[in-house]
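# Fold and contact review
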Amino acid sequence: MDKKILIVVLSLMVFVGLVGGTLIFLKSNPPLEAVTVASDENQHFVIVGVGNKGWGDIQLTEVAVNDFEQPAASKIQMSNPELGFVMTDDFESEEVQPYRFADIDAAVIKTGTSPIETLEKQNNGTASEEDETYGLTIVHDEAIHTVHIKYSYFGISLFEEVEIAF
C-alpha cells in the first residue's frame, strides 16, 4: 500500500513540475510577437503588428488600451508584406476592400508569422504574397499609450502588453 501512495505522489509531483515548467517557459518565451507599426498624429488610431513565433496557432481573446479600457473599435487585419496594412477606422469603406478584417475573437494567428522575420524578408527582397501578416487595428476616443492583448495558446491564457511610442 505504501508503494502505491509513493507512486501516486511521485506522479503528481512530475505532473505539477511539467505543468509549472511549461508555464514558466511560455511566460519567459511568449509565442506572440507584437511591434508597433503605425499611428495617427494624436494616437487615437494604432496598428500593432502581431505574429506567432510558437509551435501552434494563437487565438486572440481580448484587447484593451491604456488602463484596460475597451477601445472604440478593434479588428485584426490579415494581409501580406506586399499589400501592407491600411490605416482606417471605417472597416466597410471602398478603400479597404482589398484588405481582410476579422473580429478579435475570430482571428487565429498562424505559426511562422513573426513580424520581425517578415521585415527581414522584406529588407532582403525575399518576402512574397504568400507570407501572412497580421495587424491589430485599434481606434479609441483618447490617445493610446498601451495596448493589452490577451490570447490563448494550447489552451493556456497568456498576456502581452505593447507600449505605443511615436
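Residues numbered from 1 in each chain as written. Predicted model: local features only at pLDDT ≥ 70, side-chain atom pairs only at ≥ 80, totals over all residues. Heavy atoms only, no water.

### Topic: a nonpolar patch on the surface
Taken together, Ile5, Leu6, Val9, Leu10 and Met13 make up a surface patch of nonpolar side chains, about 470 Å² in accessible area. In this structure Ile5 comes out as partly exposed when scored by relative accessible area, which is 48%. (Patch = residues over 30% accessible without salt bridge, like charges linked within 9 Å, V, L, I, M, F, W, Y side chains within 5 Å. Areas by Shrake-Rupley, 256 points an atom, 1.4 Å probe, with all protein chains shown as cover. Salt bridge = Lys/Arg side-chain N within 4 Å of Asp/Glu carboxyl O. Buried < 20%, exposed > 50% of the residue type's maximum accessible area, 1.4 Å probe, protein only.)

### Topic: a negative patch on the surface
On the surface, a cluster of negative charge is made up of Asp89, Asp90, Glu92 and Glu95. By relative accessible area, which is 67% here, Glu92 ends up exposed. (Lys, Arg positive; Asp, Glu negative; His and termini not counted. Charge placed at Lys NZ, Arg CZ, Asp CG, Glu CD.)

### As for the side chain of Ser114
The residue Ser114 is located in the loop between β6 (108-109) and α2 (115-123) in this model. Within the structure, Ser114 has its side chain in polar contact with the backbone nitrogen of Glu117 (distance 3.2 Å). When residues no more than four places from it in sequence are discounted, the contact partners of Ser114 are Glu33, Gly51 and Asn52. (Helix = DSSP H or I, 4+ residues; strand = E, 2+ residues; numbered from the N terminus. Polar contact = N/O pair within 3.5 Å; in protein donor to acceptor, adjacent residues only side chain to side chain. Contact = heavy atoms within 4.5 Å.)

### Description of the packing of aromatic side chains
For any two aromatic rings, the description comes down to two numbers: the centre-to-centre distance and the angle of the planes. Taken as a whole and assessed by the stated rule, the structure comprises 3 aromatic pairs. The positively charged end of Lys75 is found above the aromatic ring belonging to Phe91, 5.9 Å away from the centroid. (Phe/Tyr/Trp six-rings, centres within 6.5 Å; stacked < 30°, edge-to-face > 60°. Lys NZ or Arg CZ within 6 Å of the ring centre and 35° of its normal.)

### Description of the nonpolar core
In terms of nonpolar packing, the biggest core is built from 26 residues, with Val48, Val50, Leu60, Ile76, Leu136, Val147 and Ile149 touching the most fellow members. Elements supplying a minimum of two residues to this core: β1 (32-39), β2 (45-52), β3 (58-65), β4 (73-79), β7 (133-139), β8 (146-153) and β9 (156-163). Among all residues touching Val48, those that are not within four sequence positions of it are Ala34, Val35, Thr36, Val37, Tyr134, Gly135, Leu136, Val147, Val162 and Ile164. (Core = buried A, V, L, I, M, F, W, Y, C linked by side-chain atoms within 4.5 Å.)

From the geometry alone we can't say anything about function, so treat these as descriptive.
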